[in-house]
Amino acid sequence: MELLRAATLTVADPEATAARYVEWLDYSIVERGPVSVDLAAAWGCPASAGRASVVCRPASAAEVFLRFIEGATPADYKPLRTFGWAAIEICTQDTHAVNARMEGSPFQIIGPPKELDGLPSIFPMQVKGPDQEIVYLTQIRDNLPAYDLPRAASLIDKLFIIVLACSDLQASLDWFETELKLSAGRSMDLVYTMINAAFDLPADTKHALATMMHGRDCFLELDQYPDETTARPTEPGALPPGIAITTFRHPDFDALKGWISPPVVRNGAVYGGRRAGTLRAPDGALVEVVEAA
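Conventions and cut-offs
Residues numbered from 1 in each chain as written. Predicted model: local features only at pLDDT ≥ 70, side-chain atom pairs only at ≥ 80, totals over all residues. Heavy atoms only, no water. Helix = DSSP H or I, 4+ residues; strand = E, 2+ residues; numbered from the N terminus. Rg over C-alpha atoms; globule rule 2.2 N^0.38 Å. Contact = heavy atoms within 4.5 Å. Lys, Arg positive; Asp, Glu negative; His and termini not counted. Charge placed at Lys NZ, Arg CZ, Asp CG, Glu CD. Salt bridge = Lys/Arg side-chain N within 4 Å of Asp/Glu carboxyl O. Buried < 20%, exposed > 50% of the residue type's maximum accessible area, 1.4 Å probe, protein only. Pairing = 2+ DSSP bridges. Axes fitted to C-alpha atoms, helices over the stretch in contact; angles between N-to-C directions. Arc of directions from axis to C-beta. Polar contact = N/O pair within 3.5 Å; in protein donor to acceptor, adjacent residues only side chain to side chain.

Draft legend 1. Quick look at the overall build of the chain. The helix and strand inventory of the chain stands at five helices and 16 strands. The C-alpha radius of gyration computed for the chain amounts to 18 Å, which stays within 12% of the reference 19 Å derived for 293 residues, consistent with globular compactness. Dimensions of the chain, computed from C-alpha atoms along their principal axes, come out at roughly 45 × 40 × 40 Å. Expressed as a percentage of contacts within the chain between residues at least 6 apart in sequence, the contacts between residues at least 24 apart total 67%. In the chain, 25 positive and 38 negative side-chain charges are present, and the distance between their average locations comes to 3 Å.

What follows is the structure, encoded as structure tokens:
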């Protein structure tokens, strides 16, 4: 069972952002409407109530969604410099073809196609969108020994990994193991171009990262961020800028606890008429959980 369900991004104009993903990433709009008071309260972000929201899904029609919600981005916010959800990773069929498309797009290429050191099965590139969102676009060439990775069914397909910037990698690993009942996957020290560029570090600087799994489904990457990283500047009472929420499905929903508010049944593309609630992970990261079928 694949557990990753959605990523929610705070953007200036959800309709304009969705239009970019439709034009350049082949996504389609499946839902729109204001954020309800009850939902905003469940996130612990009451100031986001009433704000515009647009939900999109990939050309493959996979039920893994991107949700864009209206919100302010503080002037001092810089992506890849703060703790919390740092990047979304979307699988592709051909990284070189995607790179060619991005060259003519409003997305800024911040990491051209490059094989990862010691991971030839994964061929990524990275872009930054006009809303300061960081998007990894990754071609999967093969599975890794310990887990399976998705093959894209369209040139640009679904979200398959979400990246968390951590102040204490081990503490975050422990939280996801204890609170969300996930299993630790592979850990490694890797030359991480995006982090090095963001902090003006030597190009060969390595950073610790780890993955988390459910069965053979690997969908969460946790990165240890440098000491210079700060908390994310956020409009009071509202969703944080950048990637604000990650939504997971969970097969043992009743085993979870620590909700911001008691879970309730929610309708719509992301929830599908099932119970949902929200937790706060270390560094304040919002983790929304939907009851799995």
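Draft legend 2. The arrangement of the pattern of salt bridges in detail. Counted by the stated rule, this structure contains 11 salt bridges. Residue Arg-101 pairs with Asp-26 through a salt bridge whose shortest N-O separation is 3.0 Å. Linking Arg-101 in helix H3 (residues 95–103) with Asp-26 in the loop between helix H1 (14–25) and strand E2 (28–34), this pair joins segments that are 75 residues apart in sequence. By relative accessible area, Arg-101 is classed as partly exposed at 25%. By relative accessible area, which is 29% here, Asp-26 ends up partly exposed. Here Arg-141 ties to Glu-115 by a salt bridge, and the two come within 2.6 Å at their closest N and O atoms. Within this pair, whereas Arg-141 is found in the loop between strand E8 (134–140) and strand E9 (156–166), its partner Glu-115 is found in the loop between strand E6 (108–111) and strand E7 (122–128), the two being separated by 26 residues in sequence. In this structure Glu-115 comes out as partly exposed when scored by relative accessible area, which is 43%. Taken together, the shared-partner salt bridges connect Asp-254, Arg-275 and Glu-291 into one network.

Draft legend 3. The pairing of strand E1 (residues 4–11), seen in detail. Extensive coverage of E1 is indicated by the burial of eight of its eight residues. Relative to strand E13 (residues 242–250), E1 runs antiparallel, the two being bridged by six bridges. By the bridge assignment for E13, Ala-7 is matched with Thr-246. Relative to strand E4 (residues 65–70), E1 is paired through six bridges, and the arrangement is parallel.

Draft legend 4. Broad picture of the sheet that holds E13. A sheet is described by the order of its strands in space; here eight strands give the open sequence E2-E3-E4-E1-E13-E16-E15-E14, paired in mixed fashion. In the strand order of this sheet, the two ends are held by E2 and strand E14 (264–266), each with one partner. Direction aside, neighbouring strands of the sheet carry axes that sit 30 degrees apart on average. Here H1 sits on the sheet in contact with E1, E2, strand E3 (52–57) and E4, set at roughly 150 degrees to E4.

Draft legend 5. Layout of helix H4 (residues 169–179). Looking only at H4, the buried set comprises Leu-169, Ser-172, Leu-173, Trp-175 and Phe-176. In an axial view of H4, the angular spread of the buried residues amounts to 160 degrees, which keeps them on one side of the axis. The secondary structure elements touched by the buried residues of H4 are strand E5 (84–92), E9, strand E11 (206–214), strand E12 (217–224), strand E15 (274–280) and strand E16 (286–291). Where H4 begins, the side chain of Asp-168 points an oxygen toward the backbone nitrogen of Gln-170, at a separation of 3.2 Å.

Draft legend 6. Structural view of the environment of Ile-29. Tracing the sequence through the fold places Ile-29 in strand E2. Note: C-alpha distance between Ile-29 and Ala-19 (10 residues apart in sequence) is 8.5 Å. Not counting residues within four places of it along the chain, the set of residues in contact with Ile-29 comprises Glu-15, Ala-18, Val-22, Val-54, Val-55 and Cys-56.

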